[in-house]
Amino acid sequence: MSLHLVLPGLLWPTTSALPPPRTPALSLLLGRGRKTTQGALAPEDLLAGLFGLHAGAPFGALRRAGAGEVADTRCWLAADACHLRFARDALMLTARPDVAPDAQEALALAASWNAHFASAGWLHLPAGGHGHLSLLEPLEADTVPPGAAFGRKIDASMPSGRDGAKLRQWMNETQMLFHAHPVNAAREEAGRPTLNSLWFWGAGSLPVQAQAPCMQLWADDALAHGLAQAAGVRAAPLPDRNGVALQEGNLVLLQDALVPALYLDAAAWTEAVETLDRDWIAPAVDALRRGDVQSVTVRLSGDEATIAVTTERRDLWKFWRRPQPLTPSPLPPAPGL
């Protein structure tokens, strides 16, 4: 079983020209490993696929369980606090760190929402704004997770399907409810982005049977931990010493480049990618050279593609395969023995 590094946001969009970052370790793997390419996947869908689940999995319930809440069989809907703003002629959705509510703001917004939507369910909104809505009645809708919606035009990501209209109505009413809320009045006065909407996604209930793609998951992500629980896989936060995680059969989720990629922050993205290469990918290549692991798989994703590159120890000696820079669509390695 390969050491597996999952790196959402590492493929910069081709529509925005950007010089390749300095990634000597990743470039080595891109040049000498065996590559497979598939269509673009939201980071949440990519994770679900690794655990044998499809895009319609109950992400809300899974994320809630991964955050340490007691699992139950109610229908849950992920509900994330966000900021809607106009950019040129489009309405954009953002949840940058400066948007996240503190505990008091989240509690006040949730109280108002629950009073207004008492017939829909009960919103649990913690500090940070990653909330979950316990639904009184199950619903079915095709929704877009944050990793494919934030930083993008909202009209292409609105809920659809059987109950899509209901969710769109809830979003519209939420915007009106939050518009004049004292929390947002105070934020606006302080020059902070207002919390003017909730992003609903991932309706469904547990239990769900997932497959185990690894022996141990390392991630700072509640959804990833929920998927690991559903698959019966051990899970832990990213360690201070990366050598603990860079072992055969481990899956490591590294999301530092995702937010800069979503919001097209080129400087922050370049810094994040180069840091990931130095702190995680280079040590993984060193472990492969030493024989501590027999193969390393890196999985990169972006708006236009998902690329997986698997490199075995013997591939490192194929010097005729030149390293390749990280570009939006890296070319396959040159033919060789």
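Residues numbered from 1 in each chain as written. Predicted model: local features only at pLDDT ≥ 70, side-chain atom pairs only at ≥ 80, totals over all residues. Heavy atoms only, no water.

Draft legend 1. Examining the overall build of the protein more closely. When its secondary structure is counted, the protein shows ten helices and twelve strands. In summary, the protein has a C-alpha radius of gyration of 21 Å against a globular reference of 20 Å for 337 residues, a match within 12%. In terms of overall dimensions, the protein has C-alpha extents of about 65 × 45 × 35 Å along its principal axes. Out of the 337 residues in the protein, the part that is buried amounts to 53%. Residue pairs at least 24 apart in sequence account for 71% of intrachain contacts in the protein once pairs closer than 6 positions are excluded. (Helix = DSSP H or I, 4+ residues; strand = E, 2+ residues; numbered from the N terminus. Rg over C-alpha atoms; globule rule 2.2 N^0.38 Å. Buried < 20%, exposed > 50% of the residue type's maximum accessible area, 1.4 Å probe, protein only. Contact = heavy atoms within 4.5 Å.)

Draft legend 2. Seen up close, helix 8 (residues 222–231). Buried residues dominate helix 8, accounting for eight of its ten residues. Among all positions in helix 8, only Leu-223, Ala-224, His-225, Gly-226, Leu-227, Ala-228, Ala-230 and Ala-231 are buried. In this structure, the buried side of helix 8 is in contact with helix 2 (43–50), helix 3 (59–66), strand 8 (216–218), strand 9 (234–236) and strand 10 (250–253). Between the side-chain oxygen at the start of helix 8 and the backbone nitrogen of Leu-223 there is a gap of 3.2 Å, and the oxygen is on Asp-221. A positive backbone phi angle near 70° is found at Gly-232, which sits one or two residues after helix 8. (Polar contact = N/O pair within 3.5 Å; in protein donor to acceptor, adjacent residues only side chain to side chain.)

Draft legend 3. Region of interest: the nonpolar core. Counting residues in hydrophobic clusters, the biggest one holds 64 residues, and the most contacted among them are Trp-113, Trp-170, Trp-199 and Phe-200. For this core, the element with the highest residue contribution is strand 3 (residues 76–87), accounting for seven residues. One finds Leu-11, Ala-25, Leu-26 and Ala-261 within the second-largest nonpolar core, a separate group that totals 38 residues. (Core = buried A, V, L, I, M, F, W, Y, C linked by side-chain atoms within 4.5 Å.)

Draft legend 4. Structural context of unusual backbone geometry. The step from Leu-206 to Pro-207 runs through a cis peptide bond, and the omega angle for that step is 5°. We note that Leu-264 has phi near 50°; this positive angle belongs to a residue other than glycine.

Draft legend 5. View of the environment of Gln-169. Tracing the backbone shows Gln-169 in helix 6 (residues 164–179). When its relative accessible area of 46% is taken as the criterion, Gln-169 is described as partly exposed. C-alpha separation for the pair Gln-169 and Ser-301, spaced 132 residues apart in sequence, amounts to 32 Å.

Draft legend 6. Fine view of the sheet that holds strand 11 (residues 295–302). Strand order across the open sheet formed by seven strands is 2-12-11-1-10-8-9, with mixed pairing between neighbours. If you trace the sheet from one side to the other, it starts and ends with strand 2 (34–38) and strand 9, each paired once. Recorded for the sheet is a direction-independent mean angle of 15° between the axes of neighbouring strands. Here helix 1 (residues 24–32) sits on the sheet and contacts strand 1 (3–11), strand 2, strand 11 and strand 12 (306–312); the angle it forms with strand 11, its principal contact strand, is near 100°. (Pairing = 2+ DSSP bridges. Axes fitted to C-alpha atoms, helices over the stretch in contact; angles between N-to-C directions.)

Draft legend 7. Spotlight on the pattern of salt bridges. What the rule picks out here adds up to 16 salt bridges. The residue Asp-72 makes a salt bridge to Arg-64 at a minimum N-O spacing of 3.8 Å. Arg-64 sits in the buried class, given a relative accessible area of 10%. Arg-289 serves as the salt-bridge partner of Asp-286, at 3.6 Å between the closest nitrogen and oxygen. With Asp-286 and Arg-289 both in helix 10 (residues 266–290) and three residues apart, this pair spans about one turn of that helix. You can call Asp-286 partly exposed: its relative accessible area is 35%. Its relative accessible area of 44% is what places Arg-289 among the partly exposed residues. (Salt bridge = Lys/Arg side-chain N within 4 Å of Asp/Glu carboxyl O.)

Draft legend 8. Summary view of the side chain of Asp-221. Among the secondary structure elements, Asp-221 is positioned in the loop between strand 8 and helix 8. Arg-63 is the oppositely charged side chain nearest to the buried, salt-bridge-free Asp-221, at an N-O distance of 7.5 Å. Here Leu-223 takes part through its backbone nitrogen, which lies 3.2 Å from a polar atom of the side chain of Asp-221. (Lys, Arg positive; Asp, Glu negative; His and termini not counted.)

Draft legend 9. Here's a closer look at the confidence of the model for the protein. Overall, the predicted model of the protein reaches an average pLDDT of 93, with 97% of residues at or above 70. Confidence drops under a pLDDT of 50 for residues 333–337, and excluding neighbours within four residues, the segment shows 14 contacts in the predicted structure. (pLDDT = per-residue confidence, 0-100.)

Draft legend 10. Looking closely at the packing of aromatic side chains. Here the structure, examined in full by the defined rule, presents eight aromatic pairs. Note on Trp-12 and Trp-269: the rings are 5.0 Å apart at their centroids and 45° apart in plane angle, and the pair reads as tilted. Residue Trp-12 is found in the loop between strand 1 and helix 1, and its partner Trp-269 is found in helix 10; the two are separated by 257 residues along the sequence. Across this residue pair, the class does not change: Trp-12 and Trp-269 are buried. For the ring pair Trp-113 and Trp-170, a centre distance of 6.5 Å and an interplane angle of 85° mean the geometry is edge-to-face. (Phe/Tyr/Trp six-rings, centres within 6.5 Å; stacked < 30°, edge-to-face > 60°.)

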